[in-house]
Amino acid sequence: MTEKSTMKTIHIEPITRVEGHGKVSILLDENNVVKQARLHVVEFRGFERFIQGRLYWEVPVMVQRLCGICPVSHHLAAAKAMDQIVGVDKLSPVAEKIRRLMHYGQMFQSHALHFFHLVSPDLLFGFEADPAIRNVIGVARKFPELAVQGVMMRKYGQEIIKATAGKKIHGTGAIPGGVNKNLTIEERDVFLKDIDQMMAWCRSALKIAKDYTLQHFEEIKDFGSFDSNHLSLIRADGAMDLYHGNLRAIDAGGKKIFDQVNYNSYRDYIAEEVRDWSYMKFPFIKSLGTEKGWYRVGPLARVNTADFIDTPEAEAARKEFKNVTKDKPNNITMAYHWARMIELLHSGEKINALLHDGDLQGTDLVVKGHRRDEGVGLVEAPRGTLFHHYRVNENDQVVMANLIVSTTNNNEPMNRAVSRVAKDYLSGKPQITEGLRNHIEVAIRAYDPCLSCATHAMGRMPLEITLIGHEGQVLERKAY
Amino acid sequence: MNEKTVTFIVDGKEIKARPEQTIMKACDEAGVYIPRLCAFKDLSPFGSCRVCTVKVNGRPQAACTQPVGEGIVVESQTAEIQQIRRNIIDMLFVEGNHFCMFCEKSGNCELQAMAYRLGILAPKFPYMFPVRGVDASHPDIFIDWNRCILCARCIRTSCEIDGKNAYGFIGRGPHKRVATNSSAGLKGTDADVSDKAPANCPVGSLMYKRIGYAVPIGCRLYDKNPIGSDIEMKKTT
Ligand code: FES
Ligand code: NI
């Protein structure tokens, strides 16, 4: 019998409450046991072609077209690459801090949105609950104060983005070698006025995530879980640093695979595998190969890789988090939510500190240097490590662009999570039940995937779940 | 008081002018703004874009080239004429590739500002998506052909102000376009970073390099006041 004739596949669509769209297919064998589950994203590399020939200083603004959900991360990663193109290795303190404020503002609003609007229904109602109430409207009815907090925190982060980048999306704040504006006293005072409230809400969100994880530990510890490597940027002293650092990768037990690697040489350490069934590539650590080299990125990976966090409240929260796994890396998929809320608190603390820093009112905005022809920029975006890499010719035009977006870094982990859940919740019954769909959704949502930028698309695309039988026949296809 | 004065009416308002003036010049001095793209204060009138269309005694004319006349009746801000202007702006948008959201001229662009002033929210004609390139061969200036609106302000500025001949029209009808005066492109011309021509481009087509987004959003030319307000401000004097 051929491979194809012994498989069935289930596709599920659309995954509600993830940003963008994708497609899940579940392949069954003749006994209706799950062989494999795949998250497909119809990749559309329009962007790399689109910026060929464009002038390098346009890129940090242009790349925001990649994604309406995480434009600031692309803006900053591209700006960092363009800093190298204009020969600037160190920004002025004002520029560095304005960019950081923009970045923490983005982290803050993205994590708050994800937690309150997308995740809290699962945590507050339990992910077995009826989808009719397990949604943001249900949260608003039962916990109106939480829904308001979500909206206000998102707005706070977005206003920070607007104050530093000029606009909430398609801002222009980060330019090659620096920034185009500082933060005035008046702008600062608006944020100072609300920061204490924001911090209080960060703490309560963290508490919800932590309590949920600890109270439901037995049921979630294996949910969509698996051991993996973890990768992130890390500061020279081992502190978590979301804006800048060197690359660190650790294995599932916490052993370092590489550490303090200058990200300009990322290509010596990371490669991308192409699989025939997916347009989204599968990045892996070269020294470990495709089988063992895949890794997780994002909040869970970052809390795992960091030796410490340099803000006191988030550091205390990190220690509590690490206690659960006796200081070893945490490999539980659902722990992403707790880790994400530690980062939310950390971002709040960073914003608070920056608002009290007089450098933000400085006027030394741009540094100049000698032109180079290649630049790499990495940031820790809300969803994980984001790579931008460009080559620019002597006429200032982009001739090569390579992007590895956060969600692509999590491609293999998301597939593993879906496979694990499909195996646990489907095997034996070749049909897409409500429960199956819910659990797949919950597992994918833990990674907060941004499918719209993973596909480098200019828009959004549909997602579906299809069940394919052992003769390759479509048993069921569902759209919700 | 100059005895050589003509008096005419614009939208019901009486305006005095010198007889050699165009309708646009006279209106500018009187603080009455007539929308325009190819007309530019330091350049001779050209009359190509027709955004300045007004009705003179009931007949459409270009205000930037039409001389004033004693007793003429000019209509400018009527619904009909504003619609003509909107249609012209609409067509300019769809026949090029104008991506305001990332264009470095955004906020300083006269085409964009005119669309805002005239209340155009989305183009009503189908996009043509022409395939056009970028000439980045010059070390300090570049041309993005995607954004050219054929106003000839670069051509005229190069001749009349810069004392050069760096740009010219080639082709006819729908094939008409601005070309550089060298087969090697911009780098083969005598265009220079000290030229005024890039500064006088109304859109993001002829640009100085490496300026990019140096001016933050909020501080750009048209962030606070719509295009034409400088002229309308003069009303009080
Ligand atoms: S401004 Fe009069 S025709 Fe262009
Ligand atoms: Ni995105």
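These figures come from a predicted structure and were not determined experimentally. (Residues numbered from 1 in each chain as written. Chains lettered and ligands numbered in written order. Predicted model: local features only at pLDDT ≥ 70, side-chain atom pairs only at ≥ 80, totals over all residues. Heavy atoms only, no water.)

**Student:** How should the overall build of chain B be read in this particular structure?
**Tutor:** A count of helices and strands for chain B gives six helices and 10 strands. For 237 residues, the compact-globule estimate of 2.2 N^0.38 gives 18 Å, and the C-alpha radius of gyration of chain B, at 19 Å, lies within 12% of that figure. By principal-axis analysis of the C-alpha atoms, chain B measures approximately 55 × 40 × 40 Å. In chain B, which comprises 237 residues, the proportion classed as buried is 51%. Contacts in chain B between residues far apart in sequence, at least 24 positions, make up 63% of those at least 6 positions apart. Total accessible area on chain B stands at roughly 11500 Å², and carbon and sulfur atoms take up 56% of it. (Helix = DSSP H or I, 4+ residues; strand = E, 2+ residues; numbered from the N terminus. Rg over C-alpha atoms; globule rule 2.2 N^0.38 Å. Buried < 20%, exposed > 50% of the residue type's maximum accessible area, 1.4 Å probe, protein only. Contact = heavy atoms within 4.5 Å. Areas by Shrake-Rupley, 256 points an atom, 1.4 Å probe, with all protein chains shown as cover.)

**Student:** Even after reading the chapter, I still don't get the overall build of chain A, so can you show me in this structure?
**Tutor:** Looking only at helices and strands, chain A features 17 helices and 16 strands. Buried residues in chain A amount to 65% of all 480 residues. Across chain A, contacts joining residues at least 24 apart in sequence account for 73% of those joining residues at least 6 apart. Carbon and sulfur atoms make up 52% of the accessible area of chain A, which amounts to about 16900 Å² in all.

**Student:** Teacher, can you tell me more about the interface of chain B and chain A here?
**Tutor:** It is common to give the size of an interface as the accessible area lost on bringing the parts into contact. Across the contact, 19 residues belong to chain B and 22 residues belong to chain A. Overall, the association of chain B and chain A removes approximately 1800 Å² of surface from exposure, summing both partners, and the carbon and sulfur fraction of that is 64%. Among the residues chain B hides against chain A, the three largest losses belong to F102, Y213 and I217 of chain B. Together they make up 39% of the total. Put simply, chain B and chain A have four salt bridges between them. For R147 of chain B, the salt bridge identified is with E58 of chain A, shortest N-O distance 3.0 Å. Here chain B is connected to chain A by seven residue pairs in polar contact (both at pLDDT 80 or more). (Buried area = accessible area lost by both parts, 1.4 Å probe. Salt bridge = Lys/Arg side-chain N within 4 Å of Asp/Glu carboxyl O. Polar contact = N/O pair within 3.5 Å; in protein donor to acceptor, adjacent residues only side chain to side chain.)

**Student:** Where do I start with unusual backbone geometry in this structure?
**Tutor:** All names here are of chain B. If you check the backbone angles, F129 has positive phi at about 40° while not being a glycine. With respect to the helices, strands and loops of the structure, F129 is situated in the loop between α3 (110-117) and β6 (134-135). With relative accessibility at 51%, the residue F129 sits in the exposed group. Positive phi is not limited to glycine here, since L150 has a value of about 60°. Along the polypeptide, L150 turns up in the loop between β7 (141-144) and α4 (153-160). On the basis of relative accessibility, which here comes to 25%, the residue L150 falls in the partly exposed class.

**Student:** How do you make sense of a nonpolar patch on the surface when you look at a structure like this?
**Tutor:** Together, V148, V151 and M152 of chain A give the surface a local cluster of nonpolar side chains, amounting to about 240 Å² of exposed area. According to the relative accessible area criterion, V148 of chain A is partly exposed, its value standing at 46%. (Patch = residues over 30% accessible without salt bridge, like charges linked within 9 Å, V, L, I, M, F, W, Y side chains within 5 Å.)

**Student:** Looking at this structure, how should I read the side chain of H439 of chain A?
**Tutor:** Note on placement: H439 of chain A falls in helix α16 (residues 434-446). Taking the relative accessible area as the measure of exposure, H439 of chain A reaches 2% and is therefore buried.

**Student:** How do you make sense of the environment of Y127 of chain B when you look at a structure like this?
**Tutor:** All names here are of chain B. For Y127, the position within the fold is in the loop between α3 and β6. Judged by relative accessible area, Y127 falls into the partly exposed class, the value being 44%. Measuring from C-alpha to C-alpha, the distance between Y127 and M207 comes to 24 Å, with 80 residues separating the pair along the chain. Each residue touching Y127, except ones within four places of it in the same chain, is listed here: F93 and V94.

**Student:** Can you walk me through helix α6 (residues 144-165) of chain A in this structure?
**Tutor:** Because each turn of an α-helix spans 3.6 residues, side chains separated by three or four positions end up pointing in the same direction. In this model, α6 of chain A (22 residues) spans 31 Å end to end at C-alpha, consistent with the 32 Å of a helix rising 1.5 Å per residue. Looking one or two residues past α6 of chain A, G166 of chain A carries a phi angle of roughly 100°, positive in sign. (Expected span 1.5 Å × (residues − 1).)

**Student:** How do you make sense of the packing of α6 of chain A against helix α7 (residues 185-215) of chain A when you look at a structure like this?
**Tutor:** All names here are of chain A. Interaxial distance between α6 and α7 falls to 10 Å at its minimum, and their mutual angle equals 140°. By the criterion of interaxial angle, the relationship of α6 to α7 is oblique. For α6 against α7, the interelement crossing comes out left-handed. Residue-level inspection shows L146, Q149, M152, M153, Y156, E159, I160 and A163 of α6 in contact with α7, the latter providing E187, F191, L192, D194, I195, M198, W201, C202, S204 and I208. Among the residues forming the contact of α6 with α7, the class breakdown is 13 nonpolar, two polar and three charged. (Axes fitted to C-alpha atoms, helices over the stretch in contact; angles between N-to-C directions. Parallel < 35°, antiparallel > 145°, perpendicular 65-115°, else oblique. Left-handed = near helix turned anticlockwise from the far one by under 90°. Nonpolar A, V, L, I, M, F, W, Y, C, P; charged D, E, K, R; others polar.)

**Student:** Where do I start with the sheet that holds strand β10 (residues 206-208) of chain B in this structure?
**Tutor:** The pairing of strands in a sheet comes from backbone hydrogen bonds and takes either a parallel or an antiparallel form. Strand order in the open sheet formed by three strands is β6-β7-β10 (chain B), with antiparallel pairing between adjacent strands. Either end of the sheet is taken by a strand with one partner, and the two such strands are β6 and β10 of chain B. (Pairing = 2+ DSSP bridges.)

**Student:** Just checking my understanding: could you explain the pairing of strand β3 (residues 53-56) of chain B for this structure?
**Tutor:** Within a regular strand, side chains alternate between the sheet's two faces. All names here are of chain B. Burial along β3 is two-sided: T53 and K55 and V54 and V56, pointing in opposite directions, are all buried. Bridging between β3 and strand β4 (residues 59-62) involves four bridges; their strand directions are antiparallel. Bridged to V56 within β4 is R59. In this structure, β3 lies alongside strand β5 (residues 73-75), joined through two bridges in antiparallel fashion. Bridge pairing in β5 places V56 opposite V74.

**Student:** Would you mind going over the confidence of the model for chain A with me for this structure?
**Tutor:** Predicted coordinates in regions of low pLDDT should not be interpreted in detail. Residues and elements named next belong to chain A. Counting all residues, the mean pLDDT for chain A is 88, and 90% of those residues have values of 70 or more. Considering only residues more than four positions removed or in separate chains, one finds that residues 1-6, a stretch of pLDDT under 50, has 13 contacts. Predicted confidence is poor over residues 455-463, with pLDDT under 50, and the contacts of this stretch with residues over four places away or in other chains come to 44 contacts. (pLDDT = per-residue confidence, 0-100.)

**Student:** Help me understand the confidence of the model for chain B in this model?
**Tutor:** Counting all residues, the mean pLDDT for chain B is 95, and 97% of those residues have values of 70 or more. Scored as a whole, the predicted complex attains pTM 0.92, and scored at its interfaces, ipTM 0.93.

**Student:** Whenever I open this one, the side chain of R153 of chain B confuses me. Can you help?
**Tutor:** Residue and element names in this part refer to chain B. Mapped onto the secondary structure, R153 falls in helix α4. Separated by 2.7 Å, the side chain of R153 and the backbone oxygen of L37 make a polar contact. There is a polar contact of 2.9 Å between the side chain of R153 and the backbone oxygen of N200.

**Student:** Help me understand the packing of helix α4 (residues 93-125) of chain A against α6 of chain A, please; the structure alone is not making it clear to me.
**Tutor:** Residue and element names in this part refer to chain A. Look at α4 against α6: their axes get within 8 Å of each other, and the N-to-C directions meet at 160°. What the angle tells us is that α4 and α6 run roughly antiparallel. As for the relative orientation of α4 and α6, their crossing is left-handed in sense. Partitioning the contact of α4 with α6 into residue classes produces 16 nonpolar, nine polar and one charged.

**Student:** Sorry if this is basic, but what is going on with the packing of aromatic side chains here?
**Tutor:** Each aromatic ring pair is specified by the distance between its two centres and by the angle formed by the two planes. One pass over the structure, following the stated rule, counts 16 aromatic pairs over all chains. Of the aromatic side chains, those joined through ring pairs into one cluster are F50 of chain A together with F99 and F102 of chain B. In this structure, K80 of chain A packs its charged tip against the face of Y243 of chain A, placed 4.5 Å from the ring centre. Its end group placed over the ring of F169 of chain B, K176 of chain B keeps NZ or CZ at 4.1 Å from the ring centre. (Phe/Tyr/Trp six-rings, centres within 6.5 Å; stacked < 30°, edge-to-face > 60°. Lys NZ or Arg CZ within 6 Å of the ring centre and 35° of its normal.)

**Student:** Help me understand the pattern of salt bridges in this model?
**Tutor:** If charged atoms from side chains of opposite charge come close, those side chains can pair. The tally for this structure, following the rule as stated, stands at 52 salt bridges over all chains. Among the ionic pairs, D237 of chain A bridges to R235 of chain A, the shortest N-O distance being 2.8 Å. Residue classification places R235 of chain A among the partly exposed residues on the basis of a relative accessible area of 25%. The residue D144 of chain B makes a salt bridge to R147 of chain B at a minimum N-O spacing of 3.4 Å. When its relative accessible area of 4% is taken as the criterion, R147 of chain B is described as buried. When salt bridges with common partners are traced through the structure, they connect R371 and D396 of chain A together with D140, K209 and R210 of chain B into a single cluster.

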